[in-house]
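Coordinates in review
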Amino acid sequence: MGKKVTVVGAGFYGSTTAQRLAEYDIFDTVVLTDIVEGKPEGIALDLNQSRPIEDFETKVVGVTTGPNGEGYEAIGGSDIVIITAGLPRKPGMSRMDLLEVNAKIVRGVSENVAKYAPNAVVIVVANPLDEMTMLTQIATGFPRNRVMGQAGMLDTARFTHFVAEALAVPIGSVRTLTLGSHGDTMVPVPSKCTVNGKPLTELLPADKIEELVGRTRNGGAEVVALLKTGSAYYAPSAAAARMAKAVAEDSGAVMPVCAWVDGEYGISGVYLGVEAEIGATGVKKVVQTGLTDNELADLKVAADAVRAKQQDVCDM
Ligand SMILES: NC(=O)c1ccc[n+]([C@@H]2O[C@H](COP(=O)([O-])OP(=O)(O)OC[C@H]3O[C@@H](n4cnc5c(N)ncnc54)[C@H](O)[C@@H]3O)[C@@H](O)[C@H]2O)c1
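The following refers to the structure shown. (Residues numbered from 1 in each chain as written. Predicted model: local features only at pLDDT ≥ 70, side-chain atom pairs only at ≥ 80, totals over all residues. Heavy atoms only, no water.)

On to the overall build of the protein chain. For the protein chain, the count of helices and strands is 10 helices and 14 strands. Taking contacts inside the protein chain between residues at least 6 apart in sequence as the whole, the part at least 24 apart equals 69%. By element, 52% of the accessible surface of the protein chain is carried by carbon and sulfur atoms, the whole surface being about 13,500 Å². Charge centroids of the protein chain, computed over 29 positive and 38 negative side chains, lie 1 Å from each other. (Helix = DSSP H or I, 4+ residues; strand = E, 2+ residues; numbered from the N terminus. Contact = heavy atoms within 4.5 Å. Areas by Shrake-Rupley, 256 points an atom, 1.4 Å probe, with all protein chains shown as cover. Lys, Arg positive; Asp, Glu negative; His and termini not counted. Charge placed at Lys NZ, Arg CZ, Asp CG, Glu CD.)

Once that is clear, we can look at the sheet that holds strand 11 (residues 198–199). Pairing is antiparallel in the open sheet, where 3 strands are placed in the order 7-10-11. Whereas interior strands pair on both sides, the edge strands pair on one side only; in this sheet they are strand 7 (174–175) and strand 11. Across 2 bridges, strand 7 lies against strand 10 (residues 194–195) in antiparallel orientation. Looking across to strand 10, one finds that Arg 175 is bridged to Thr 194. (Pairing = 2+ DSSP bridges.)

Omega for the bond connecting Asn 127 with Pro 128 falls within 30 degrees of zero, at -5 degrees, which places this linkage in the cis form. By the element assignment, Pro 128 lies in the loop between strand 5 (121–124) and helix 5 (129–140). Despite not being glycine, Asp 55 shows a phi value in the positive range, around 65 degrees. A relative accessible area of 60% means that Asp 55 is categorised as exposed. (Buried < 20%, exposed > 50% of the residue type's maximum accessible area, 1.4 Å probe, protein only.)

What follows is about the site of the ligand. Taken together, 29 residues surround the ligand, and among them Tyr 13, Asp 34, Lys 39, Leu 87 and Val 125 come closest. Interatomic distance of 2.7 Å between a side-chain N/O atom of Asp 34 and an oxygen atom of the ligand. Take Lys 39: an N or O atom from its side chain is 2.8 Å from an oxygen atom of the ligand. Taking 870 Å² as the accessible area of the ligand by itself, protein coverage stands at 89%. Counting only elements with at least two residues in the shell around the ligand, the list comes to helix 1 (12–24) and helix 4 (99–116). (Near = heavy atom within 4 Å. Polar contact = N/O pair within 3.5 Å; in protein donor to acceptor, adjacent residues only side chain to side chain.)

Looking now at the nonpolar core. Counting residues in hydrophobic clusters, the biggest one holds 53 residues, and the most contacted among them are Leu 21, Ile 80, Ile 82, Leu 272 and Ile 278. The greatest single-element share of this core, amounting to 8 residues, is contributed by helix 9 (residues 234–248). Not counting chain neighbours up to four residues away, the residues in contact with Leu 21 comprise Val 5, Val 7, Phe 27, Val 30, Ile 82, Ala 241 and Ala 244. The next biggest cluster of nonpolar side chains, apart from the first, holds 29 residues, and it includes Val 109, Val 113, Ala 120 and Val 124. (Core = buried A, V, L, I, M, F, W, Y, C linked by side-chain atoms within 4.5 Å.)

On to the side chain of Arg 146. Residue position: Arg 146 is located in the loop between helix 5 and strand 6 (147–149). Nearest to the buried, unbridged Arg 146 among oppositely charged side chains is Asp 79, at 9.9 Å. With near-sequence residues (within four places) excluded, Arg 146 lies in contact with Pro 118, Asn 119, Ala 120, Val 121, Val 122 and Thr 281. (Salt bridge = Lys/Arg side-chain N within 4 Å of Asp/Glu carboxyl O.)

Take the environment of Gly 219 next. Note on placement: Gly 219 falls in helix 8 (residues 219–227). Each C-alpha atom, one on Gly 219 and one on Ala 232, is 9.3 Å from the other, the two residues being 13 residues apart in sequence.

Within strand 1 (residues 3–8), 5 of the 6 residues are buried, leaving the element largely enclosed by the surrounding structure. Of the crossover connections in this fold, the one passing from strand 1 over helix 1 to the parallel strand 2 (residues 27–34) is right-handed. Two elements, strand 1 and strand 4 (residues 80–83), share 4 bridges in a ladder whose sense is parallel. In the strand pairing of strand 4, Val 5 is matched with Ile 80. (Right-handed = clockwise from strand over helix to strand, strands pointing away.)

A separate point is the packing of aromatic side chains. Applying the stated criterion to the full structure yields 4 aromatic pairs. Ring geometry for Phe 12 versus Tyr 233: centroids 4.7 Å apart, planes at 20 degrees, classification stacked. Here Tyr 233 lies in the loop between helix 8 and helix 9 and Phe 12 lies in helix 1, a separation of 221 residues in the sequence. Given the relative accessible area of 54%, Phe 12 is considered exposed. Residue Tyr 233 is classed as buried on the basis of its relative accessible area, which comes to 19%. Taken together, the aromatic side chains of Phe 12, Tyr 233 and Tyr 234 make up a single cluster linked through ring pairs. Against the face of Trp 260 rests Arg 144, its NZ or CZ located 4.0 Å from the ring centre. When the ring centre of Phe 142 is taken as reference, the NZ or CZ atom of Arg 146 above it lies at 4.5 Å. (Phe/Tyr/Trp six-rings, centres within 6.5 Å; stacked < 30°, edge-to-face > 60°. Lys NZ or Arg CZ within 6 Å of the ring centre and 35° of its normal.)

Honestly, that's just the spatial picture; any functional story needs more than this.
So, in structure tokens, the structure goes:
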């Protein structure tokens, strides 16, 4: 049997993710859900009509869900569920300002996912990301490896883009890495960044790297400020879709994701941005990389900050 993936939330993030997943043409079915009546059905119809042009067989099914779980039968048998339901930021807001409102949404969605798609790997994208990932694990009761969050791939992609632009080199020649939280304690890792295999630290002065690091940390807010309504979704959906593809294909690809950390880097008991091997069971293993003393210290600061907030979320 072919694979089935569900995207919960048919807003900007969800609809672009559904499009990317359908165009991969590796799934039997992409289910797209939302609470706004007709929205997921309309987007699904539109996407299905693009099949002859983009040449994919995957069917997109749109379903409106109700406050008491109505419609959730449609996600039954999903191998993967991506949770995009939740409010995005407005200019001037931090991701943390979304905590309470999105916690209610994500808890409700997670309980239905646990009921109707009990074997799925869950990829969380709603913000604040690290806290919503923890909440999803608690509310689903799924093993921790089967719940992960998308943030690091996006933050890393932003960093890579800024470096490629600054040096006017092809994007494919640049490797960067960001770890830590999807927020103020994001940890871009310049010591792991290379251009055509050469250390970034030999190609750009420290103050320029620091500027790019700052822009990366502020990458989401920069887009929000320009859009004035809503937040980024093209790069974010590319990241979530790639994670889902790695799960569907059991590829073992190593990606920066929000994963449960249990002893790696001397850090325990927290969902945090780290590199991990992704496959059919979700996070197969957290992959540790060598960090400078400062980078490791920053990662520990991020872990402490996220751990404190994740504790709050457990009671929401
Ligand atoms: N992790 C990341 O890197 C990252 C990047 C960008 C955006 N985000 C987050 O993703 C979320 C979605 O962003 P967006 O741009 O798509 O917002 P959006 O407002 O365009 O879409 C959100 C959708 O969720 C729906 N929704 C609300 N409650 C629901 C429920 N209970 N069940 C199903 N659907 C529900 C809404 O009706 C809406 O269509 C936000 O929280 C945003 O902050 C995360």
